Amino acid sequence: MRFASLSRADPTKLHDSAIQFLPSHFSLKSLRESAQGCRGCELFRHATQTVFGSGPAQARLMIIGEVPGDQEDRQGKPFVGPAGKLLVQCLEAAGAARSEVYLTNAVKHFKWEQRGKRRLHTKPSMREIRACRPWLEAEIEVVRPRTIVCLGATAAQTVFDRNFRLTQHLGKLMSSPLAHFVIATYHPSSALRAPDLAERHRIKNRLIHDLKIAVKSAK
Ligand code: URA
Ligand code: SF4
């Protein structure tokens, strides 16, 4: 479109997708840099910075979460807060190190509401997930992982579609045009939110179990 470059140059203008913020050449570096300026939905307004994915470009395993949390927003890296620590513990128990895996989120800006002194994470809307999807697709295109792990329903609905039900497909190796294998499992934050210790252990053990399947399938 003729005037596309005009609207692109105006950082205060909202667009309804990240698509026009993508670089012309895809590498993790160019994507990460371009994503810092993304205004594809309104979430950038209340966040500190874009939290892009992190990990090796040749990773065989990619793990997709939902949205960065408070710590991730401050540090600019995915999975560095409490849920991230639990994820890394489970990954190690499943036989993989954080450094081998590409970690990212369905949505790249922290979404939150104030509760007292804390900034509590809130669920992104379908519109925000759709707006942010071009970044995820670009990451998948560059990394070309053999296996993708979706943590929780939001990630799984982003990779498949909004009708995806986690309970029906938990821990099953599936395939998709995006990767040879895709597996959906619990989000580590659901273990942190569990009402009691027994439930917390159950979710954590299930997460380790499913990550083992993923790690093996990615070899
Ligand atoms: N939860 C997520 O889904 N992603 C993060 O990066 C941190 C917590
Ligand atoms: Fe862009 Fe995604 Fe951030 Fe929205 S959440 S501004 S689409 S990077």
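Anyway, here's the lowdown on the structure attached to this text. In this text, all values refer to a predicted model and were calculated from it rather than measured experimentally.

**A short note on the sheet that holds strand β7 (residues 179-185)**
- The strand order across the open sheet built from five strands is β2-β1-β5-β7-β6, with neighbouring strands paired in mixed fashion. Of all strands in the sheet, those bounded by a partner on one side alone are β2 (102-105) and β6 (174-176). Neighbour-to-neighbour, the strand axes of the sheet open up by a mean angle of 30°, direction not taken into account.
- Strand direction decides the pairing type here: strand β5 (residues 147-151) and β7, joined by five bridges, are parallel. Across the sheet, Val149 pairs through a bridge with Ile183, a residue of β7.
- On the sheet, helix α5 (residues 126-143) packs against β1 (61-65), β2 and β5 and is oriented at approximately 165° with respect to β2.

**Examining the packing of α5 against helix α6 (residues 152-159)**
- The contact between α5 and α6 brings their axes to 11 Å, and the two run at 70°. Put simply, α5 runs roughly perpendicular to α6. Residue-level contacts link Ile129, Arg133 and Leu136 of α5 to Thr154, Thr158 and Val159 of α6.
- Looking at the contact of α5 with α6, its residues break down into three nonpolar, two polar and one charged.

**Structural notes on the site of ligand 1**
- For ligand 1, the full set of nearby residues is Gly65, Glu66, Val67, Pro68, Gly69, Glu72, Pro78, Phe79, Asn105 and His187.
- Measuring from a nitrogen atom of ligand 1, one finds a backbone N or O atom of Val67 at 3.2 Å.
- A distance of 3.0 Å separates an oxygen atom of ligand 1 from a polar atom in the backbone of Phe79.
- Burial of ligand 1 by the protein amounts to 93% of the accessible area it has alone, namely 240 Å².
- Taken together, the residues of the shell around ligand 1 sort by class into four nonpolar, four polar and two charged.

Here is what the cut-offs are and how they apply
Residues numbered from 1 in each chain as written. Chains lettered and ligands numbered in written order. Predicted model: local features only at pLDDT ≥ 70, side-chain atom pairs only at ≥ 80, totals over all residues. Heavy atoms only, no water. Pairing = 2+ DSSP bridges. Helix = DSSP H or I, 4+ residues; strand = E, 2+ residues; numbered from the N terminus. Axes fitted to C-alpha atoms, helices over the stretch in contact; angles between N-to-C directions. Contact = heavy atoms within 4.5 Å. Parallel < 35°, antiparallel > 145°, perpendicular 65-115°, else oblique. Nonpolar A, V, L, I, M, F, W, Y, C, P; charged D, E, K, R; others polar. Near = heavy atom within 4 Å. Polar contact = N/O pair within 3.5 Å; in protein donor to acceptor, adjacent residues only side chain to side chain. Areas by Shrake-Rupley, 256 points an atom, 1.4 Å probe, with all protein chains shown as cover.

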